[in-house]
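# Inside the fold
What follows is each chain in one-letter form.
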Amino acid sequence: MAFETINVDVQDHVCLIKLNRPEALNALNTELLSELATALEDADASDKVRCIIVTGSEKAFAAGADIKEMSEKSFVDVYSEDLFAKVSNRIIGIRKPIIAAVSGYALGGGCELAMMCDFIIASDTAKFGQPEINLGVMPGMGGSQRLTRFIGKSKAMDMNLTGRFMEAEEAERAGLVSRVVPAKKLMDEATGAAQKIAEKSQLSVMATKEAVNRSYEVPLAEGLLYERRLFHSLFATEDQKEGMGAFLEKREAQFRDK
Ligand code: CAA
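Residues numbered from 1 in each chain as written. Predicted model: local features only at pLDDT ≥ 70, side-chain atom pairs only at ≥ 80, totals over all residues. Heavy atoms only, no water.

In the nomenclature of an unreviewed UniProt entry, the chain corresponds to enoyl-CoA hydratase from the organism Tritonibacter litoralis. The Sequence similarities (unreviewed entry) field of the UniProt record for the chain holds the comment "Belongs to the enoyl-CoA hydratase/isomerase family." Comment text from UniProt for the chain, heading Function (unreviewed entry), reads "Could possibly oxidize fatty acids using specific components." (UniProt positions renumbered as here; feature names shortened; annotations may be inferred.)

Have a look at this one:
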């Protein structure tokens, strides 16, 4: 399918989705969000894809929701259409792992999109922020909720209330991003991580994603039970026999997603 605001490329089981509205620093308008959700769903359904990367340009992952598009909307408009609800649910419904490779600005909806991915690899030029407060609004796609869970109340309040930007190094220290690499190495690092994931059994990959995400939704005892049951269920797969057998035979496992 041809897209206008994103580029999609699949190589070696990794689907690379590149946000492509350079004239607006990849601001997330309705068209881009809809195309992104469609591309993610296509990748989720494709046998050729085992891991997904979402990235932007060197200057901007995404500078937020599209302010031009939102500026004239009324409360009745945004409440009636439940602005951002459907698309957010489509994105968080993806079962294959999604890595956000972030360079430059990841602001407002851009930071929130990165947080909807499974983990964030940042270049040393990345800047994260929830500057919605400067527009007379507040975050609307998870900036007050996910960011608080990731980096704690004090830093989340600071970011949300002052609108300041957080550099990559601080973002890594705070637990928002998993790795920081020099800008030139960002895509190699993200692709390397995606290829590592692509080598695993997709059954254990999907179950692991599900279990980690569950930890944000339920109390610890429930989460541990959920994890244990998923762990038990993987013993019904051929890949468990192959993975453990390969270790004992001192060879590489050949997973078949069965
Ligand atoms: N929406 C629409 N257009 C945007 C945009 C956005 N979020 N961010 C940047 N642009 C556009 C600019 O209007 C500009 O277009 P023109 O050339 O046509 O004027 C172009 O992108 C380049 O931007 P700048 O000239 O501003 O570039 P800069 O390098 O001077 O500054 C920036 C970069 C600091 C990121 C600045 O563009 C900025 O502050 N952008 C807005 C950030 C923001 O407030 N994001 C939150 C949006 S609200 C939201 O996301 C709600 C939510 O929770 C879902």
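Here we come to helix α1 (residues 30-45). Over its 16 residues, α1 extends 23 Å from the first C-alpha to the last, a length consistent with the 22 Å expected when each residue adds 1.5 Å. Restricting attention to buried positions, one finds in α1 the residues L32, L33, E35, L36, A37, T38, A39, L40 and A43. Against the buried residues of α1 lie β1 (6-11), β2 (14-19), β3 (51-55), α4 (85-92), β5 (98-102) and α5 (109-116). (Helix = DSSP H or I, 4+ residues; strand = E, 2+ residues; numbered from the N terminus. Expected span 1.5 Å × (residues − 1). Buried < 20%, exposed > 50% of the residue type's maximum accessible area, 1.4 Å probe, protein only. Contact = heavy atoms within 4.5 Å.)

The next subject is the sheet that holds strand β8 (residues 127-129). Taken in spatial order, the four strands of this open sheet run β4-β6-β8-β9, and their pairing is mixed. Strands at the two margins of the open sheet, each flanked by one partner only, are β4 (60-62) and β9 (165-167). Ignoring which end each strand starts from, the neighbouring axes of this sheet average 20° apart. Pairing of β8 with β9, which is carried by three bridges, proceeds in the antiparallel orientation. Looking at β9, one finds that F128 is bridged to M166. The strands touched by α5 within the sheet are β4, β6 (105-107) and β8, with β6 carrying the most contacts at an inclination of about 90°. (Pairing = 2+ DSSP bridges. Axes fitted to C-alpha atoms, helices over the stretch in contact; angles between N-to-C directions.)

Another aspect to go through is the domain arrangement of the chain. The assigned domain composition of the chain is domain 1 (6-198) and domain 2 (201-249). Summing both partners gives a buried area of about 850 Å² for domain 1 against domain 2, and 49% of it is carried by carbon and sulfur. In terms of surface lost to domain 2, no three residues of domain 1 exceed R50, R95 and R149, which account for 52% of the buried area on that side. Our count for the domain 1 to domain 2 interface comes out at two salt bridges. Residues K209 and D118 are paired through a salt bridge, measuring 2.8 Å at the closest nitrogen-oxygen approach. Applying the counting rule to domain 1 against domain 2 returns five residue pairs in polar contact (both at pLDDT 80 or more). Residues that form the side of domain 1 that touches domain 2 fall into these classes: five nonpolar, no polar and five charged. (Domains from an automatic or database assignment. Buried area = accessible area lost by both parts, 1.4 Å probe. Salt bridge = Lys/Arg side-chain N within 4 Å of Asp/Glu carboxyl O. Polar contact = N/O pair within 3.5 Å; in protein donor to acceptor, adjacent residues only side chain to side chain. Nonpolar A, V, L, I, M, F, W, Y, C, P; charged D, E, K, R; others polar.)

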